[in-house]
Amino acid sequence: MSADALKREAAAMALDHVEGGMRLGLGTGSTASWFVRLLADKVKGGLDVIGVPTSEATAALAREVGVRLTTLDDVGGLDLTVDGTDEFDPALNLVKGGGGALLREKIVASDSERMIVIADDSKRVKALGAFPLPIEVVTFGAGATLRAVEKAAASVGLSGPLVFRSRADGSRYVTDQGNWIVDASFRQISDPKALALALSGIPGVVEHGLFIDLASMIILAGAGGVERIDPV
Ligand SMILES: O=C[C@H](O)[C@H](O)[C@H](O)COP(=O)(O)O
């Protein structure tokens, strides 16, 4: 089965956790897009839900397929967020932000009672860090912020190349919130909580892609079928 077919399987399984009347956080990326499309099929069949998108891309998709949208301010808290991930470790800590949506994704997941993460089995790792960690920074003083990130990483024993994310045309990537992203190749993050704490203390860092204690469950699709992984 192709990776895309596995993503679809995981997304389909997440639908079992959706009930009528729910207020849903809608994730970003290729896996979360499957969830939005499959959710739209259920909506066409009469399911009444409302969603808060985590990116302009997801908002556009939801509108196109007919999923009703609202904002976090109007809805007053979410029942469930379903989102993809770039990596997850055995403690269900995540690295997210490969698609640049980490800030809105973290705000939405944090305002949800539960977060279900849907993934194909390429996303399971023993230790986070093989996927470069996205760090969203404000454009003002970005060079200074980069140096502060270097120092913060060193304080928890990490180092590695820090690269401003670019678009395919070579221009700098800009997030939906108008910020830049630094991709940090730390390779093996042995203490994700310590790194998260160190990065959160830097003034120019808006958010980082470490999602600690946010995932309630992973739905993982692999060649052998779909598996549900709960926190230990
Ligand atoms: O910013 C993007 C998100 O964090 C995505 O959920 C993550 O990059 C996974 O995307 P995909 O499902 O396309 O692998």
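As shown above, the structure is provided for reference.
Throughout what follows, the structure given in this document is the object of discussion. (Residues numbered from 1 in each chain as written. Predicted model: local features only at pLDDT ≥ 70, side-chain atom pairs only at ≥ 80, totals over all residues.)

### Thoughts on the sheet that holds strand β9 (residues 180–184)
Taken together, four strands build an open sheet; the order of strands is β8-β9-β7-β10 and the sheet is antiparallel. Of all strands in the sheet, those bounded by a partner on one side alone are β8 (162–164) and β10 (205–208). Ignoring which end each strand starts from, the neighbouring axes of this sheet average 30° apart. Judged from the five bridges that link them, strand β7 (residues 133–137) and β9 form a sheet pairing that is antiparallel. Bridge pairing in β9 links Glu136 to Ile181. Set on the sheet, helix α6 (residues 142–155) makes contact with β7, β8, β9 and β10; between it and β9 the angle comes to about 30°. (Pairing = 2+ DSSP bridges. Helix = DSSP H or I, 4+ residues; strand = E, 2+ residues; numbered from the N terminus. Axes fitted to C-alpha atoms, helices over the stretch in contact; angles between N-to-C directions. Contact = placed C-beta atoms within 7 Å.)

### Quick word on the pairing of strand β2 (residues 50–53)
Sheet topology note: the strand β1 (residues 23–26)/β2 ladder contains four bridges and is parallel. Paired with Leu24 across the two strands is Gly51, which belongs to β2. In this fold, the crossover linking β1 to β2 by way of helix α2 (residues 30–44) has right-handed handedness. (Right-handed = clockwise from strand over helix to strand, strands pointing away.)

### Brief notes about the environment of Glu56
Tracing the chain through its elements places Glu56 in helix α3 (residues 56–65). On the basis of neighbour counts, which here come to 13 C-beta atoms within 10 Å, the residue Glu56 falls in the partly exposed class. Linking Glu56 and Thr28, residues 28 residues apart in sequence, is a C-alpha distance of 9.1 Å. (Buried ≥ 20, exposed ≤ 12 C-beta atoms within 10 Å, placed from the backbone.)

### Re the site of the ligand
Taken together, the neighbourhood of the ligand is formed by 18 residues, with Gly29, Thr31, Gly84, Gly98 and Gly99 sitting nearest. Contributions of two or more residues to the shell around the ligand are made by α2 and α5 (102–110). Sorting elements by how many residues they give to the shell around the ligand places α2 first, with three residues. Looking at the shell around the ligand residue by residue, the classes come out as three nonpolar, 11 polar and four charged. (Near = placed C-beta within 6 Å. Nonpolar A, V, L, I, M, F, W, Y, C, P; charged D, E, K, R; others polar.)

### Comments concerning the packing of α6 against helix α7 (residues 192–200)
Relative orientation of the contacting elements α6 and α7 amounts to 150°, with a least axis distance of 9 Å. Relative to α7, α6 is oriented roughly antiparallel. Our pair here, α6 against α7, has a crossing hand that is right-handed. The segment α6 lies against α7, with Val149, Ala152, Ala153 and Ser155 engaging Leu195, Ala198 and Leu199. By residue class, the composition of the contact of α6 with α7 is six nonpolar, one polar and no charged. (Parallel < 35°, antiparallel > 145°, perpendicular 65-115°, else oblique. Left-handed = near helix turned anticlockwise from the far one by under 90°.)

### Digging into α3
Within α3, burial applies to Thr58, Ala59 and Ala62. Seen from one end, α3 has its buried residues packed into an arc of 105°, which puts them on one side. Summarising the geometry of α3, the exposed residues directed more than 90 degrees from the buried face are Ala60, Arg63 and Glu64. Elements in contact with the buried residues of α3: β1, α2 and β2. Once α3 ends, the next one or two residues include Gly66, with phi positive near 95°. (Arc of directions from axis to C-beta.)

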